[in-house]
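# Fold and geometry: a report
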Amino acid sequence: MPTMLPLWLLASLLAVSQTLPFEQKGFWDFTLDDGLPMLNDEEASGAETTSGVPDLDSLTPTFSAMCPFGCHCHLRVVQCSDLGLKAVPKEISPDTTLLDLQNNDISELRRDDFKGLQHLYALVLVNNKISKIHEKAFGPLRKLQKLYISKNHLVEIPPNLPSSLVELRIHDNRIRKVPKGVFSGLRHMNCIEMGGNPLENSGFEPGAFDGLKLNYLRISEAKLTGIPKDLPETLNELHLDHNRIQAIELEDLLRYSKLYRLGLGHNQIRMIENGSLSFLPTLRELHLDNNKLSKVPSGLPDLKLLQVVYLHTNNITKVGVNDFCPVGFGVKRAYYNGISLFNNPVPYWEVQPATFRCVTDRLAIQFGNYK
C-alpha cells in the first residue's frame, strides 16, 4: 500500500527561490519508484543544499483557510494523496507551491484544473490513471519547475509543457513516440526520466530533443536496441540500463563527450568496438554489468578521470595486466575506487596483482565468481 509522504519532506521543497534565476545544483534520485524522490547525496551527482533563499512568506499572501476536503495543507504544501480522488480538487489556495495528488484515481487533467495556481513550483501526479490532458491544462503554471506524472496511462508526452519546467518525470507510462517539437521552448529543462515506456529507437523523431540542454536523461527499461544518436550533447549523465542494446559501435558515443556517468547495465552487449570509449574523456563512472561481454573493453586506461567500472555478471574469461591501468610509471590518471568483476568465468587466481596498480585500495576490487 503506498506510503503517505511526511509533511517535512514536502515542505523541504519550499526552500527554493521563486524570484531568483534557477541554478541546478544536483539531480534527484530517479531510482525511487513512488512519490517525491530524495536528493541523491553521491558526489558524482553533485548534490548540494540550497542557500541564500528568501523567506517565501514575504513573497505571496497566505490563504490558510483554503484547503480541499480531506487534504492536509501546511506551509503552502497541499497534500491530497491516497484519497481515491477522481479529479483534481477545487478550492486549492492560490499561494500553493507544492501540490501532491499521487496515488489517486484521476484519469483526466482538464483545462481549468490548475486555474489560479500561478505560484506552483512542484506538481506530483504519480500513480493515477491519467490518459488525457487538455492542451491548456498547464497554462496557468507559469512557475512550475518539477512535474512528476509517472505511473499513469499516457500514450504521448503532454502538450504545451510550462516553459519554466526544469525536471520532468514521466516513466512507467505507455509512450511509444517522442515527436519533434514536443520539448520546444523548454530552455530551462535539464533533467528527464522517461524509462519504463515501450520506446524503440525508431520512436524518437529526428530533432526530438532539439533546443534542450539536458544534464540528466534516463531511458531505462525500454526497448532500445542501440544507443540513440540524437540526444542532447550537453548530457552529463545518460542511463540506458535494462534495454536490448547488443553492441556499441565506433561513433555511437561521439556526440556525448561531456558524459561523466554512463549506465548500460542489464543489456545484451557482446561487443564494444575499439575506440568507442575514446569519445568520453570526462567519464568517471561506467556501468556495463549484466551484459554478454567476453573481455574487458579496450580503452579504459586512456580515460584519465575514470574511477568506477562495473563489469560483473558478464562472460569475461581473461583479465590482462594492462586492461585497466596505463603502461609505465608516472602516467597521470585518476585512481580507481571501484572495479567489479565478480560473477565472470575468469580464473581470478591467474590475474596478476599489477593489473590493479592504479586502484586506491584492494577492497575497491570486487572479484571472484559469486553473486
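From a predicted model like this one, the values you see are computed outputs, not experimental measurements.

Moving on, we come to the overall build of the chain. For the chain, the helix and strand inventory stands at 1 helix and 18 strands. Per-residue burial over the chain gives 52% buried out of 371 residues. Residue pairs in contact within the chain that sit at least 24 positions apart in sequence constitute 51% of those at least 6 positions apart. Summing over all exposed atoms, the chain offers an accessible surface of approximately 17600 Å²; the carbon and sulfur share of this is 51%.

Here a ring pair, both rings aromatic, is described through the centre-centre distance and the interplanar angle of the planes. Here the structure, examined in full by the defined rule, presents 8 aromatic pairs. Ring geometry for F114 versus F138: centroids 6.2 Å apart, planes at 10°, classification stacked. Taken together, the residues span a long stretch of sequence, with F114 in the loop between β4 (108-109) and β5 (122-124) and F138 in the loop between β6 (132-133) and β7 (146-148) at a distance of 24 residues. For F114, a relative accessible area of 0% corresponds to the buried category. Joined through ring pairs, the aromatic side chains of F324, Y336, Y348, W349, F356 and F367 make up one cluster.

Let's shift gears to the state of the cysteines. One pass over the full model with this rule turns up 3 disulfides. Across the disulfide, C67 is cross-linked to C73 (sulfur-sulfur distance 2.0 Å). Given an S-S torsion of about 85°, the disulfide between C67 and C73 has right-handed geometry. A residue is classified by how much of its surface remains accessible, and C73, at 32% relative accessible area, is partly exposed. Covalently, C71 is tied to C80 through a disulfide, its sulfur atoms 2.1 Å apart. Between C71 and C80 the sulfur-sulfur dihedral comes to about 115°; the bridge is accordingly right-handed. Neither C71 nor C80 differs from the other in exposure class; each is buried. Each disulfide of the chain joins two cysteines, and with those cysteines numbered along the sequence the arrangement is 1-3, 2-4, 5-6.

Next up on the list: the pattern of salt bridges. Scanning the model with the defined rule gives 11 salt bridges in all. Ionic pairing is found between E205 and K177, a salt bridge with its closest N-O pair at 3.0 Å. Here E205 is found in the loop between β9 (191-193) and β10 (216-218), whereas its partner K177 is found in the loop between β8 (167-169) and β9, with 28 residues between them in sequence. What makes E205 partly exposed here is its relative accessible area of 27%. Classification of K177 by relative accessible area gives partly exposed; the value is 45%. The salt bridge involving R218 is made with E193; its shortest N-O contact spans 4.0 Å.

A word on the side chain of N104. Tracing the backbone through its elements, the reader meets N104 in the loop between β3 (98-100) and β4. One polar contact links the side chain of N104 to the main-chain amide nitrogen of G84, over a distance of 2.9 Å. Excluding its chain neighbours within four sequence positions, the residues that come into contact with N104 are C80, S81, D82, L83, G84, L85, N127 and N128.

Moving on, we get to the UniProt feature "domain: LRRNT" (unreviewed entry) in the chain. Under the UniProt annotation, "domain: LRRNT" (unreviewed entry) lies at residues 66-98. Split by type, residues 66-98 is 0% helix and 21% strand. Its first and last C-alpha atoms lie 14 Å apart.

Once that is clear, we can look at unusual backbone geometry. Of note, L75 is a non-glycine position whose phi angle comes to about 50°, a positive value. Within the secondary structure, L75 is located in the loop between β1 (72-74) and β2 (77-79). Phi at N343 takes a positive value of approximately 60°, unusual for a residue other than glycine. With respect to the element layout, N343 can be found in the loop between β17 (338-340) and β18 (365-366).

Procedures and definitions
Residues numbered from 1 in each chain as written. Predicted model: local features only at pLDDT ≥ 70, side-chain atom pairs only at ≥ 80, totals over all residues. Heavy atoms only, no water. Helix = DSSP H or I, 4+ residues; strand = E, 2+ residues; numbered from the N terminus. Buried < 20%, exposed > 50% of the residue type's maximum accessible area, 1.4 Å probe, protein only. Contact = heavy atoms within 4.5 Å. Areas by Shrake-Rupley, 256 points an atom, 1.4 Å probe, with all protein chains shown as cover. Phe/Tyr/Trp six-rings, centres within 6.5 Å; stacked < 30°, edge-to-face > 60°. Disulfide = S-S within 2.5 Å. Salt bridge = Lys/Arg side-chain N within 4 Å of Asp/Glu carboxyl O. Polar contact = N/O pair within 3.5 Å; in protein donor to acceptor, adjacent residues only side chain to side chain. UniProt positions renumbered as here; feature names shortened; annotations may be inferred.

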